[in-house]
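# A closer look at the structure
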Amino acid sequence: MPYIPHTDSDRREMLATIGAQSIDELFREIPEKLRVAPGSLDLPPALDEPRLMAHLWELSKKNVNLADVTCFLGAGVYDRYIPATVGAVISRGEFLTSYTPYQPEASQGYLQAIYEFQTMISEIYGMDLSNASMYDGATSMAEAAIMATGIKHRDKVAVSEAVHPHYRQVLDTYCWSMGIEVITLPAVATGVTDLSAAADAACIILQYPNFFGTIEDLAAQRAACDSSEALMIVVADPVACALLKPPGAFGADIVVGEGQSLGVAMGLGGPMVGLFTCKKSLIRQIPGRIVGKTKEAHGEKPGYVMTLRTREQDIRREKATSNICTNEALMALAATVHMIALGKNGMREVATASVRNTQYAIQQLTAAGAKLHYSGRVFGEFVLELPKDPTVVRDALLEKGILCGLPLGSYYDELKNCLLVAVTELRTKDQIETYASALKEVLA
Amino acid sequence: MNTLSFRTKQMPEPKLIFDRSSAGRVGCNLPKADTPEVDLAAVLGEVREELNLPEVGELELLRHFTNLSHINFGIETGFYPLGSCTMKYNPKINEKTAGLPGFANLHPMQPVETIPGALDVLIGVQDMLCAITGFDEITLQPLAGAHGEMTCLMLIKAYYEARGEGQKRHIVLVPDSAHGTNPASAARCGYDVRPIPTNAEGNTDLEALEKALDDSVAALMLTNPSTLGLFEPNIEKICAMVHAAGGQVFCDGANMNAMVGTTRPGDHGFDCMHLNLHKTFSTPHGGGGPGCGAIGLMKHLEPYLPVPVIRRSEMKVIADYDRPKTIGRVSAFYGQFLMEVRAYTYLRAYGKEKMADISRYAVLNANYVRARLKDVLPPAHDRPCMHECILTAEKYKKENGVRALDISKRLIDYGFHPPTNYFPLIVPECFMIEPTETETKETLDEFCDALIQICHEAVENPDLLHDAPSTQIVGRLDETAAVKNLDVRWWPKS
């Protein structure tokens with residue numbers, strides 16, 4: 001039996017200690033007609049380890065993976081450099097196979113790492129504090145919106161249409177089930193959001209940079225939130241925040257985001273890691289786990305524990321701030337290693353390289369016959385307007401080994417000629433020029 | 001390969017990484033841009049000045065985390081019988097398959113035509129989970145167990161809204177023995193929660209249930225086997241009662257490990273259930289996540305499934321978004337895909353022939369522990385348990401002033417991770433011990449011997465337990481002080 005170590009004599013001795021004749025007897029409380037005979041389910045046959053590996057290898061080879069193509073696709077998930085140390089640390093069995101640190105004395109390693117994670121995420125966003133992680137950026141944003149409705153006692157939230165469409169879809173689902181209304185704020189010609197329709201919402205949610213890559217005006221968001229007494233929620237890219245003035249510096253109340261760019265494999269979008277930070281005054285309303293520093297009850301040594309636990313479901317039940325239990329600790333650990341590996345200078349260098357590559361790509365691709373759709377400032381991603389159907393262009397460029405970006409027509413009717421292009425630090429001058437000349441050919 | 005060791009109090013106190021920082025160091029070999037330089041302020045408008053992240057070299061970084069790993073207990077360190085969490089062995093081949101470039105390097109927004117192998121994995125997991133649970137449909141969109149519970153309740157909500165009963169049915173019934181996520185998930189879906197008591201035998205109180213059932217009830221959330229480690233013998237009757245009142249029955253699948261290959265919740269009368277692939281199907285717990293929360297459901301709830309729906313269409317597997325009645329998206333992309341690769345690998349390793357061994361040996365191990373400990377820690381109920389046993393340390397509290405938590409902390413000194421304590425809430429001084437099927441008889445014997453020894457210590461030298469653990473890098477920590485003097489991040493010294 002794979003992974004089950006019992007010998008025949010183990011089984012016999014154990015049954016004798018229990019006082020049972022057979023394993024079947026242990027299941028006697030299950031009504032007979034509800035039991036199925038072992039081996040009778042409609043399942044494929046068992047595979048030994050070499051056959052299993054070969055089978056999965058075959059399945060994996062059917063996919064076009066990003067080692068086979070040059071990736072200019074972003075839209076919330078980015079092809080970024082992951083230092084080798086990240087994999088080495090998160091594959092250590094002591095981390096990989098532990099669980100939620102309910103016994104802090106035997107879990108100090110993880111607890112300290114998460115305390116370091118909370119510190120660095122807070123620093124990047126310019127916020128007072130961070131929780132220990134959420135599922136992903138989309139659910140983090142939905143949790144933030146729901147938190148705002150609780151704090152403001154309003155049942156309406158306002159979100160920019162320039163926030164990732166999938167995030168808004170998740171927000172819609174969460175809000176529908178709680179009877180919360182979602183107002184969508186339109187984007188203007190520069191690619192930033194028109195905030196004028198946000199009155200009496202519990203919060204205004206912008207993305208920074210937004211889905212189109214444009215850097216939103218967070219000072220204007222703060223002013224709009226002040227005049228309508230709404231909470232200011234920003235969905236921020238942590239890599240961009242290494243260079244941009246962080247949302248916290250504009251007075252954001254809650255800043256959330258996707259941490260995939262910080263050392264997490266793309267993996268078809270899962271698992272990733274949701275980031276969640278807020279002002280100190282809101283800490284008792286925050287969802288999820290938080291690690292805090294304390295000391296021994298009968299000594300002076302410092303140590304770490306999960307804290308403010310009375311917000312959580314296992315203690316507070318239906319009155320908890322959220323139903324989240326298991327979060328994304330392992331991915332938070334990956335992000336921790338990543339942020340330390342890059343450090344202060346590396347994070348800025350990576351962000352700077354993205355800006356340089358992006359500016360070069362804008363220049364090259366517009367020279368190849370595409371037009372920049374929005375006039376606002378961008379960080380590492382931008383919207384191109386094409387004289388040809390973007391899905392046709394995408395398929396033609398994929399034939400040439402270039403994953404050229406995301407056609408936007410299925411998300412925004414008015415952007416059916418548009419393509420969202422991301423250029424990370426991993427793209428080279430050569431790759432950008434190859435993309436431009438291939439585009440020129442396809443458009444000709 | 002990684003070496004595993006668990007160092008304890010002999011180790012020097014670990015520094016925070018921020019205290020190891022030295023200006024100018026970098027811990028990796030960064031990619032260098034070869035495109036023309038730009039004026040950042042001109043492009044971005046404003047550039048931030050401060051970014052206070054640590055600066056350490058690569059070797060320093062690795063030593064930091066290797067040393068932290070030595071003060072962290074995982075399944076590969078030792079026996080980890082944390083009840084309700086199914087801390088079974090996480091096979092290494094799963095890590096290898098999930099790391100294949102053809103899975104790990106997929107972008108969720110790349111054209112769906114370029115990921116047929118990924119869709120094969122997803123539908124493969126769905127098919128096998130349908131066969132194992134007896135449900136008509138499975139979706140892998142939810143990102144964790146609680147997220148799966150919430151998604152099930154959303155399906156139920158959409159179902160009643162479509163029938164014009166959305167307003168009327170606003171109550172969800174939750175037994176007093178349920179996991180905290182159940183009432184929290186119900187509240188998150190806008191439901192009012194009403195508790196249902198458990199009777200003296202450990203079963204659902206049918207009279208109380210009967211009284212609670214009317215046309216305001218949307219659903220009953222039932223854990224089977226219950227959190228008492230007992231199979232609910234009246235399960236068919238309970239489902240029939242709820243259905244007769246027009247309600248739905250949700251199964252909390254945290255305890256699926258007791259049933260794999262032996263009995264199918266879909267045959268019990270449940271309408272939907274959540275599964276924790278990180279418990280039952282061996283994806284690693286990762287220190288508290290990622291979870292992975294598949295859900296199963298019957299046909300009548302299928303129209304409301306979250307998108308994308310992965311299904312077959314004309315001999316092909318497709319990601320279907322054309323779902324007019326869908327509740328929408330519950331997560332950004334395809335769920336926890338790399339966890340699904342691990343679960344797929346695990347399911348194919350067991351296959352048809354061996355799948356039932358999972359539940360059979362999980363139940364054998366739990367009953368063995370229960371039998372070996374019954375004289376020192378009596379079971380809460382005098383019935384065969386399923387995959388976990390619930391024992392009580394009440395007498396040590398009354399007679400010796402020793403709490404279940406003290407016994408647990410002492411177990412750490414013996415090299416074991418403690419079981420779950422104080423849950424379910426209805427058993428005083430409770431231990432919830434879930435050994436799982438992957439532990440040997442010798443390990444169970446060592447654990448039981450240690451617990452028996454500790455119970456003697458509780459009588460003879462209770463302070464040994466009050467002061468435990470004494471072998472770790474820190475002694476018992478002050479959790480009250482952590483709340484009073486909140487310190488949730490490091491600040492640079494100014």
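Note that the structure is predicted; figures quoted are calculated from it, not measured.

On to the overall build of chain B, then. Scanning chain B from terminus to terminus reveals 16 helices and 12 strands. Rg of the C-alpha trace for chain B: 25 Å, near the compact-globule value of 23 Å for 494 residues, within the 12% margin. Projected onto its principal axes, the C-alpha coordinates of chain B cover approximately 70 × 70 × 50 Å. Looking at chain B as a whole, 60% of its 494 residues are labelled buried. Here the analysis covers contacts within chain B between residues at least 6 apart in sequence; of these, 72% occur between residues at least 24 apart.

To continue, consider the overall build of chain A. Each helix and strand in chain A was counted, giving 13 helices and 15 strands. Referenced to the eigenvectors of the C-alpha coordinate spread, the extents of chain A come out at roughly 80 × 50 × 45 Å. In chain A, the proportion of contacts linking residues at least 24 apart, taken out of those at least 6 apart, comes to 71%.

Another point: the sheet that holds strand 11 (residues 420-421) of chain B. Residue and element names in this part refer to chain B. Taken in spatial order, the three strands make up an open sheet running 10-12-11, and their pairing is antiparallel. Edge positions in the sheet fall to strand 10 (389-392) and strand 11, since each of these pairs with one other strand and no more. Alignment of strand 10 against strand 12 (residues 430-433), held across four bridges, turns out to be antiparallel. By the bridge assignment for strand 12, Cys389 is matched with Ile433.

So, on to the sheet that holds strand 12 (residues 381-385) of chain A. Residues and elements named next belong to chain A. The strand order across the open sheet formed by four strands is 11-12-15-14, and the pairing between neighbours is antiparallel. The open sheet terminates on both sides in strands that have one partner only, identified here as strand 11 (371-372) and strand 14 (406-407). The pairing of strand 14 with strand 15 (residues 418-422) spans two bridges and is antiparallel. Across the sheet, residue Pro407 finds its bridge partner in strand 15, namely Leu419.

Here helix 2 (residues 58-69) of chain B spans 17 Å end to end across 12 residues, near enough to the 16 Å set by a 1.5 Å rise per residue. Of the positions making up helix 2 of chain B, those classed as buried are Leu61(B), His64(B), Phe65(B), Leu68(B) and Ser69(B). For helix 2 of chain B, the angular spread of buried residues about the axis comes to 135°, placing them on one side. As for helix 2 of chain B, its buried residues are in contact with helix 4 (84-90), helix 5 (93-96), helix 6 (108-125) and helix 11 (329-367) of chain A.

Another point: the domain arrangement of chain B. Looking at chain B, the domain boundaries give domain 1 (1-27 + 52-72), domain 2 (94-348) and domain 3 (356-480). Spacing between the C-alpha centres of domain 1 of chain B and domain 3 of chain B amounts to 33 Å.

Moving on, we get to the domain arrangement of chain A. Residues and elements named next belong to chain A. In terms of domains, chain A is made up of domain 1 (70-81 + 344-443) and domain 2 (84-337). Using C-alpha coordinates to define each centre, domain 1 is positioned 28 Å away from domain 2. With 24 residues of domain 1 at the contact, the number on the domain 2 side is 22 residues. Counting only elements with at least two residues in the side of domain 1 that touches domain 2, the list comes to helix 11 and strand 12. In terms of residues, the side of domain 1 that touches domain 2 owes the most to one element, helix 11, which gives seven residues. When the residues that make up the side of domain 1 that touches domain 2 are grouped by side-chain class, the tally is 13 nonpolar, six polar and five charged.

Looking now at the packing of helix 6 of chain A against helix 11 of chain A. A pair of packed helices is captured by two measures, namely the crossing angle of their axes and the spacing between those axes. Residue and element names in this part refer to chain A. The N-to-C vectors of helix 6 and helix 11 enclose an angle of 65°; their axes lie 9 Å apart at closest approach. Classified by chirality, the crossing of helix 11 by helix 6 is left-handed. Contacts from Tyr110, Ala113, Ile114, Glu116, Phe117 and Met120 of helix 6 reach helix 11 at Ala329, Ala332, Leu333, Ala335, Thr336 and Met339.

All right, on to the interface of chain A and chain B then. Interfaces are often described in size by the accessible area the parts lose on coming together. The partner chain B presents 169 residues to the 172 residues of chain A that form the contact. When residues in the side of chain A that touches chain B are grouped by element, the largest group, 24 residues, is from helix 11 of chain A.

Residue and element names in this part refer to chain B. Counting buried residues in strand 5 (residues 248-253) gives six out of six residues, a clear majority hidden from the surface. Because side chains alternate across strand 5, one face comprises the buried residues Gln248, Phe250 and Asp252, and the other comprises Val249, Cys251 and Gly253, equally buried. In this structure, strand 4 (residues 217-223) lies alongside strand 5, joined through five bridges in parallel fashion. Looking at the pairing, Thr223 lines up with Asp252 of strand 5. Of the crossover connections in this fold, the one passing from strand 4 over helix 9 (residues 235-244) to the parallel strand 5 is right-handed.

Ranked by internal contacts, the top residues of the largest apolar core, which has 325 residues, are Ala145(A), Val157(A), Cys203(A), Ile204(A), Ile205(A), Ile233(A) and Leu155(B). Ranked by the residues each element gives to this core, the list is headed by helix 11 (residues 337-373) of chain B, at 22 residues. What Cys203(A) contacts, discounting residues up to four positions off in sequence, is Ala145(A), Ala148(A), Val157(A), Ala158(A), Ala230(A), Leu231(A) and Ile233(A).

So, on to unusual backbone geometry. Looking along the chain, the bond that leaves Asn224(B) and enters Pro225(B) is cis, with omega of -10°. Take Pro225(B): it is sitting in the loop between strand 4 and helix 9. With an omega of -5°, the peptide bond between Ala468(B) and Pro469(B) qualifies as cis. For Pro469(B), the position within the fold is in the loop between helix 15 (462-466) and helix 16 (479-484). Even without being glycine, Arg317(A) reaches a positive phi, approximately 50°. On the secondary structure map, Arg317(A) appears in the loop between helix 10 (313-316) and helix 11.

Here chain B averages 95 in pLDDT, while 98% of its residues score no lower than 70. Across the interface, the model reports ipTM at 0.97; the global pTM reads 0.97.

This next bit is on the packing of helix 3 (residues 49-61) of chain A against helix 11 of chain B. Following both chains from N to C, one finds helix 3 of chain A and helix 11 of chain B inclined at 140°, their axes separated by 10 Å at the closest point. With respect to each other, helix 3 of chain A and helix 11 of chain B are oriented oblique. For the crossing formed where helix 3 of chain A meets helix 11 of chain B, the hand is right-handed. When helix 3 of chain A is examined against helix 11 of chain B, the residues Leu52(A), His55(A) and Leu56(A) are found in contact with a partner set consisting of Thr345(B), Arg348(B) and Ala349(B). Counted by class, the contact of helix 3 of chain A with helix 11 of chain B contains three nonpolar, two polar and one charged residues.

Residue and element names in this part refer to chain A. Burial runs high along strand 8 (residues 274-278): five of the five residues are buried. With burial as the criterion, each face of strand 8 is covered, one bearing Gly274, Phe276 and Cys278 and the other bearing Leu275 and Thr277. Relative to strand 8, strand 2 (residues 129-130) runs antiparallel, the two sharing two bridges. Bridge pairing links Leu129 to Cys278 in strand 8. Bridge count between strand 7 (residues 254-258) and strand 8: five bridges; the pairing is antiparallel. Considered in strand 8, the bridge of Gly257 is made with Leu275.

Residue and element names in this part refer to chain B. End to end, helix 5 (residues 116-133) covers 25 Å across 18 residues, agreeing with the expected 26 Å (1.5 Å per residue, within 8%). Within the span of helix 5, buried status applies to Gly117, Ala118, Leu119, Val121, Leu122, Val125, Gln126, Met128, Leu129, Ala131, Ile132 and Thr133. Two residues or fewer past helix 5, Gly134 is found with a positive phi of approximately 80°.

Here we take up the environment of Leu342(A). If you trace the backbone, Leu342(A) turns up in helix 11. Sequence separation of Leu342(A) and Ile82(A) is 260 residues, and the distance between their C-alpha atoms is 9.6 Å. With residues up to four places along the chain from it excluded, the contact list for Leu342(A) reads Met347(A), Val350(A) and Cys28(B).

It is worth spelling out the environment of Pro54(B) at this point. By the element assignment, Pro54(B) lies in the loop between helix 1 (40-44) and helix 2. With 186 residues separating them in the primary sequence, Pro54(B) and Ala240(B) have C-alpha atoms 60 Å apart. Once you skip the residues sitting within four places of it in the chain, Pro54(B) turns out to touch Ile340(A), Gly343(A), Ile17(B), Phe18(B), Arg20(B) and Ser21(B).

Cut-offs used in this document
- The numbering scheme is per chain: residues are counted from 1 as the chain's sequence reads.
- Key to labels: chains lettered from A, ligands numbered from 1, both in the order written.
- Reporting in this predicted model follows two pLDDT cut-offs: at least 70 for local features of residues, and 80 or more for side-chain atom pairs to be given and counted; totals over whole chains, interfaces and linings ignore these cut-offs and use all residues.
- Each helix corresponds to a stretch of at least 4 residues labelled H or I by DSSP, and each strand to a stretch of at least 2 residues labelled E; elements are numbered beginning at the N terminus.
- Atoms considered for the radius of gyration are the C-alpha atoms alone. The globule rule reads 2.2 Å times the number of residues to the power 0.38.
- Any residue surrounded by 20 or more other C-beta atoms within 10 Å of its C-beta is treated as buried, while 12 or fewer makes it exposed and the intermediate range makes it partly exposed; C-beta atoms here are placed from the backbone.
- We call two residues in contact whenever the C-beta atoms placed from their backbones are within 7 Å.
- Paired strands, in this sense, are two strands between which DSSP finds at least two bridges.
- Here the expected span of a helix is defined as 1.5 Å times the quantity of residues minus one.
- Directions pointing from the helix axis toward each C-beta atom define the arc.
- How far each domain reaches was decided by an automatic or database domain assignment.
- Ten residue types, Ala, Val, Leu, Ile, Met, Phe, Trp, Tyr, Cys and Pro, are classed as nonpolar, four, Asp, Glu, Lys and Arg, as charged, and the remainder, Gly among them, as polar.
- Angular values range over 0 to 180 degrees, each being the angle between N-to-C directions of two axes fitted as lines to C-alpha atoms, with helices fitted over their stretch in contact.
- Crossings are sorted by hand: turned counterclockwise from the far helix by less than a right angle, the near helix makes the crossing left-handed, and turned clockwise it makes it right-handed.
- Consider the strands pointing away from the viewer: the crossover is right-handed when the path from the first strand over the helix to the second runs clockwise.
- Residues enter a nonpolar core if they are buried, belong to Ala, Val, Leu, Ile, Met, Phe, Trp, Tyr or Cys, and are joined to the set through C-beta atoms within 7 Å.
- pLDDT measures the predictor's confidence residue by residue and takes values from 0 up to 100.
- Under this scheme an angle from 65 to 115 degrees is roughly perpendicular, one under 35 degrees roughly parallel, and one over 145 degrees roughly antiparallel; angles in between are oblique.

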